[in-house]
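Spelled out from the first residue to the last, the chains are:
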Amino acid sequence: MISAAMVKELRERTGAGMMDCKKALTETNGDMEAAIDFLREKGLSQAAKKSGRVAAEGIVAVGFSADGKQGAVIEVNSETDFVAKNEEFVNMVNSFVQVILANDFATTDELLEGKLGDGTVRDELTAKIAKIGENMTLRRFAKFAEPGTISAGYVHGDGKIGVLVEFATEAADVETVKTMGRDVAMQVASMDPQFVDENDVDPAYLEREKKILIQQALNEGKPQEIVEKMVVGRLKKELKETCLLEQKFVKNGDISVAEYVKQIAKAVGADVTVKRFVRYKVGEGIEKQVDDLAAEVAKMTAK
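Each chain carries its own residue numbering, running from 1 in the direction its sequence is written. Restriction of local features to residues with pLDDT of at least 70 applies here, the model being predicted, together with a cutoff of 80 or more for giving and counting side-chain atom pairs; totals for whole chains, interfaces and linings are based on all residues. Water and hydrogen atoms were dropped before computing side-chain values, which therefore reflect all heavy atoms in the structure.

Regarding its fold elements, the protein chain presents 13 helices and 10 strands. A radius of gyration in this sense is built from C-alpha atoms; the matching globule rule multiplies 2.2 Å by the number of residues raised to 0.38. For a compact globule of 303 residues, the expected C-alpha radius of gyration is about 19 Å, and the protein chain comes in at 25 Å, more than 25% above that figure. For the C-alpha atoms alone, the extent of the protein chain along its principal axes is close to 80 × 60 × 30 Å. Within the span of the protein chain, comprising 303 residues, buried residues form 43% of the whole. For the protein chain, long-range pairs separated by at least 24 residues make up 63% of all intrachain contacts whose partners lie at least 6 apart in sequence. The numbering of helices and of strands both runs from the N terminus, where a helix is a DSSP run of H or I of at least 4 residues and a strand a run of E of at least 2. Only protein chains enter the area calculation, which uses a 1.4 Å probe; residues under 20% of their type maximum are buried, those over 50% are exposed, and those in between are partly exposed. Only heavy atoms enter the contact rule, under which two residues are in contact if any of them lie within 4.5 Å.

Listed below in structure tokens is the structure:
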């Protein structure tokens, strides 16, 4: 009998999909080494060989339920930008978004085990790695689905930046709120705010910034007695740049984002509040491998 533990071991050793591992073990009567050979012969274990490569390209995708009350964003990485633009890769990532919307996952591991077609998200990812020939990783995702909210989003630069924003509202005119939401998401993509408003600012962040600004003022030779007042002004200015609602609206520099949201709230006849947002930029924080072509050629010719 083929146990779940055997399938798990084979998958870990080969990187092949769960269903392929089960089939391989069945075909070889549970012989692990023979099953590995079986997968290699079928070209299904190649994904494991790619797992050590750095995947720092890829795309961010967003998706929403039909009523706009649920939204999801995901980043899936590949080794090259060429693959990131591959239609099969893009379709795969969008299918993952639909799996997120249909379920409640807390971690990427849970998402990878989520059902997709006849297998799982992990199976689909592994199959694409084997077929396309590059390492791919499902890096992160987020889902907004709080009651009494509407989600909107924006994707920039062929999936290089993706934003998801959640609004608390009971507005009946959902489409107008969605349009406004896309504008706000575009603002987040463009201006990269860190917080919704001043109430959302982490106290530890404020304290750290205050210390830095005080030291900067002292280094400039400003008298100690006026430094505190100076810092308050500088901190206020910095918060206007780092808080979404305080920022000047990119589509109309005469008003702030907060004022734009209020305009739409008045138009739809209901309160609209920005609750939270997520901004993913492809590859941010991933250490990319830098190829030194000259060094590689010198190494080869020295042999």
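Let's pick the thread back up.
Okay, the environment of N29 next. With respect to the element layout, N29 can be found in the loop between helix 2 (18-27) and helix 3 (32-42). Exposure remark for N29: the relative accessible area of 74% places this residue in the exposed category. In sequence terms N29 and D202 are 173 residues apart; their C-alpha atoms lie 58 Å from each other.

A word on helix 1 (residues 4-14). Three or more residues of helix 1 are buried, namely V7, L10, R11 and T14. All buried residues of helix 1 fall inside an arc of 100 degrees around its axis, so they share one side. With respect to the buried face of helix 1, the exposed residues turned more than 90 degrees away are A5 and E12. Positive phi shows up at G15, right after helix 1, with a value of about 80 degrees. By definition, the arc is the one covered by directions from the helix axis to the C-beta atoms.

Another point: the nonpolar core. V165, F167, M180, V184 and V274 are the most contacted members of the largest nonpolar core, which has 30 residues in total. Among residues more than four places away in sequence, those in contact with V274 are V165, E166, F167, V196, L244, L245 and V261. Listed in part, the 23 residues of the second largest apolar core include A72, V97, I129 and F141. As used in this record, nonpolar core signifies buried Ala, Val, Leu, Ile, Met, Phe, Trp, Tyr and Cys residues forming a set joined through side-chain atoms within 4.5 Å.

Here the focus is the environment of D200. Mapped onto the elements of the fold, D200 is located in the loop between helix 9 (174-191) and helix 10 (203-219). Placed 180 residues apart in sequence, D200 and D20 show a C-alpha to C-alpha distance of 48 Å.

Next up on the list: the sheet that holds strand 1 (residues 57-64). Strand pairing is assigned whenever DSSP identifies at least 2 bridges connecting the two strands. Strand order in the open sheet made by the 3 strands is 1-2-5, with antiparallel pairing throughout. Each edge of the open sheet carries a strand with a single partner, namely strand 1 and strand 5 (136-144). Across the sheet, the axes of successive neighbouring strands diverge by a mean angle of 15 degrees, strand direction being ignored. Summarising the sheet, strand 1 and strand 2 (residues 71-78) pair through 8 bridges and their orientation is antiparallel. By the bridge assignment for strand 2, G58 is matched with N77. Of the strands in this sheet, strand 2 and strand 5 touch helix 8 (residues 121-132), which is tilted by about 145 degrees from strand 5. For every element, the axis is a line fit to its C-alpha atoms; helices are fit only across the contacting stretch, and the angle between N-to-C directions ranges from 0 to 180 degrees.

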